[in-house]
There are 2 protein chains.
Amino acid sequence: MTIKEVSEKYDLSADTIRYYERIGLIPHVPRKENGIRDFDEAACGWVEFSKCMRNAGVQVEALIEYVDLFFKEGTEEARKDILVEQRARLQEQYEQLKATMERLDYKIAHYEELMVKKCPNLKS
Amino acid sequence: MTIKEVSEKYDLSADTIRYYERIGLIPHVPRKENGIRDFDEAACGWVEFSKCMRNAGVQVEALIEYVDLFFKEGTEEARKDILVEQRARLQEQYEQLKATMERLDYKIAHYEELMVKKCPNLKS
DNA sequence: TCTTGACTTCGAGTACACTCCAAGTGTTAA
DNA sequence: TTAACACTTGGAGTGTACTCGAAGTCAAGA
């Protein structure tokens, strides 16, 4: 698979994918004889994984560390620790998000009430 | 209340609070005769609100727009629209977060299993 | 053969959200 | 009265994560 196909498949710019490889957020992608990237299933998997994690807000730094450990023997515990820490971060973000959404709901309801009062005929 | 007290109360740096006022993310804070900020309840409320929204990931730009409209008559609908849009953004983020946390749980479980296999005596 | 277009690398530029700094003022405590 | 300290403004600097540009290679079609 070319970088363009992968880019379209996962809706990430080719620049971003190259950037991720450059900084080690995804492992080295196999190349054809002419040097052009030729994504295999594993490489695609990493792209998909990194996209998922980044979308949720996992830091680039943590992912780089994880990928780095992934290719070293006996680092299972350290890898797990990274995942656990990031899991906790996401959990916190999740709570914050929930609370803020409730607050927004409350404010939105207030505005809706206001608007019904202003235009009683439009209350549907 | 001084900026220092507000800063401590909401765990936001004084620099950040001044920055928020400067860019209009919170309305103008009342001053004493000598020009020093003197936060009243309303000003504190805005600080707290902006902190909550920013922590959840609401963009600075959207909050500036909201605060701007807040002091203009007849902008209730526009204000509501901003809140509704931001609510939708947070909802999306929420789904993404949930999915990613599940995925991390799965991976963490995998590592735990691995480690139990390696050290059967430590399976507790 | 020549042009078009996708790819390569690497370094520079950008956007966002702070965060810090310099220069100056005002208040309090020794 | 002088030092210490918190505050003011406006502008410059920083960190993170991309995003773009330049210069060059390579393969395919007119």
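Please refer to the structure placed before this passage.
A short tour of the structure in this document, coming up. (Residues numbered from 1 in each chain as written. Chains lettered and ligands numbered in written order. Predicted model: local features only at pLDDT ≥ 70, side-chain atom pairs only at ≥ 80, totals over all residues. Heavy atoms only, no water.)

Take the environment of Leu-83 of chain A next. Looking at the element boundaries, Leu-83 of chain A is found in helix α5 (residues 76–118). Assessed through its relative accessible area of 4%, Leu-83 of chain A is described here as buried. Taking the C-alpha atoms as reference points, Leu-83 of chain A and Val-67 of chain A, separated by 16 residues in sequence, lie 11 Å from one another. Leave out the neighbours within four places in its chain, and Leu-83 of chain A touches Tyr-66 of chain A together with Leu-104, Lys-107, Ile-108 and Tyr-111 of chain B. (Helix = DSSP H or I, 4+ residues; strand = E, 2+ residues; numbered from the N terminus. Buried < 20%, exposed > 50% of the residue type's maximum accessible area, 1.4 Å probe, protein only. Contact = heavy atoms within 4.5 Å.)

Around DNA strand C, 18 residues are found, and the nearest of them are Arg-18, Arg-31 and Arg-37 of chain A together with Tyr-20 and Arg-54 of chain B. Of what DNA strand C places within 4 Å of the protein, 72% of the atoms are sugar or phosphate. One of the side-chain N or O atoms of Arg-31 of chain A is found 2.7 Å from a phosphate oxygen in DNA strand C. Of the residues forming the surface near DNA strand C, the biggest block, 5 residues, is contributed by helix α2 (residues 14–23) of chain B. Taken together, the residues of the surface near DNA strand C break down into 5 nonpolar, 5 polar and 8 charged. (Near = heavy atom within 4 Å. Polar contact = N/O pair within 3.5 Å; in protein donor to acceptor, adjacent residues only side chain to side chain. Nonpolar A, V, L, I, M, F, W, Y, C, P; charged D, E, K, R; others polar.)

By size, the foremost hydrophobic cluster in this structure holds 68 residues, and its most contacted members are Phe-39 of chain A together with Phe-39 of chain B. With residues up to four places along the chain from it excluded, the contact list for Phe-39 of chain A reads Met-1, Thr-2, Ile-3, Val-6, Ile-17, Val-29, Cys-44 and Val-47 of chain A. (Core = buried A, V, L, I, M, F, W, Y, C linked by side-chain atoms within 4.5 Å.)

A few words on the relation of the copies chain A and chain B. For the match of chain A to chain B, the screw axis carries a shift of 0.0 Å, the RMSD comes to 0.1 Å, and the turn is 180°. Given the turn and translation reported, the copies of this chain are related as if by a two-fold rotation axis. Nearest to the rotation axis, the C-alpha of Tyr-94 of chain A is located 3.4 Å from it, this being the minimum over chain A. Taken together, the interface assignments show that 100% of the residues at the interface of chain A recur at the interface of chain B, consistent with an identical surface on both copies. (Least-squares fit on C-alpha atoms with pLDDT ≥ 70 in both.)

Attention shifts here to the protein's contact with DNA strand D. In the neighbourhood of DNA strand D, 17 residues make up the surrounding shell, with Tyr-20 and Arg-54 of chain A together with Arg-18, Arg-31 and Arg-37 of chain B lying closest. Taking Lys-4 of chain B, its main chain carries an N or O atom lying 3.4 Å from a phosphate oxygen of DNA strand D. For the surface near DNA strand D, the secondary structure elements donating two or more residues are α2 (14–23) of chain A together with α1 (3–10) and α2 of chain B. Counting residues per element, the surface near DNA strand D draws most heavily on α2 of chain A, which supplies 5 residues. Among the residues making up the surface near DNA strand D, the classes are represented as 5 nonpolar, 4 polar and 8 charged.

What follows concerns the pattern of salt bridges. Oppositely charged side chains can pair when the atoms bearing their charge come close. Counted under the stated rule, the structure contains 22 salt bridges over all chains. Among the ionic pairs, Lys-72 of chain A bridges to Asp-68 of chain A, the shortest N-O distance being 3.2 Å. Relative accessible area serves as the criterion here: at 43%, Lys-72 of chain A is assigned to the partly exposed category. Between Glu-21 of chain B and Arg-37 of chain B there is a salt bridge, with its nearest N and O atoms 2.6 Å apart. Here Glu-21 of chain B, found in helix α2, pairs with Arg-37 of chain B, found in the loop between α2 and α3 (41–56); they are 16 residues apart in sequence, far enough to count as distant. The pair formed by Glu-21 of chain B and Arg-37 of chain B is uniform in burial state, with each residue classed as buried. Salt bridges here are not isolated pairs; linked through shared partners, they connect Glu-21, Arg-31 and Arg-37 of chain A. (Salt bridge = Lys/Arg side-chain N within 4 Å of Asp/Glu carboxyl O.)

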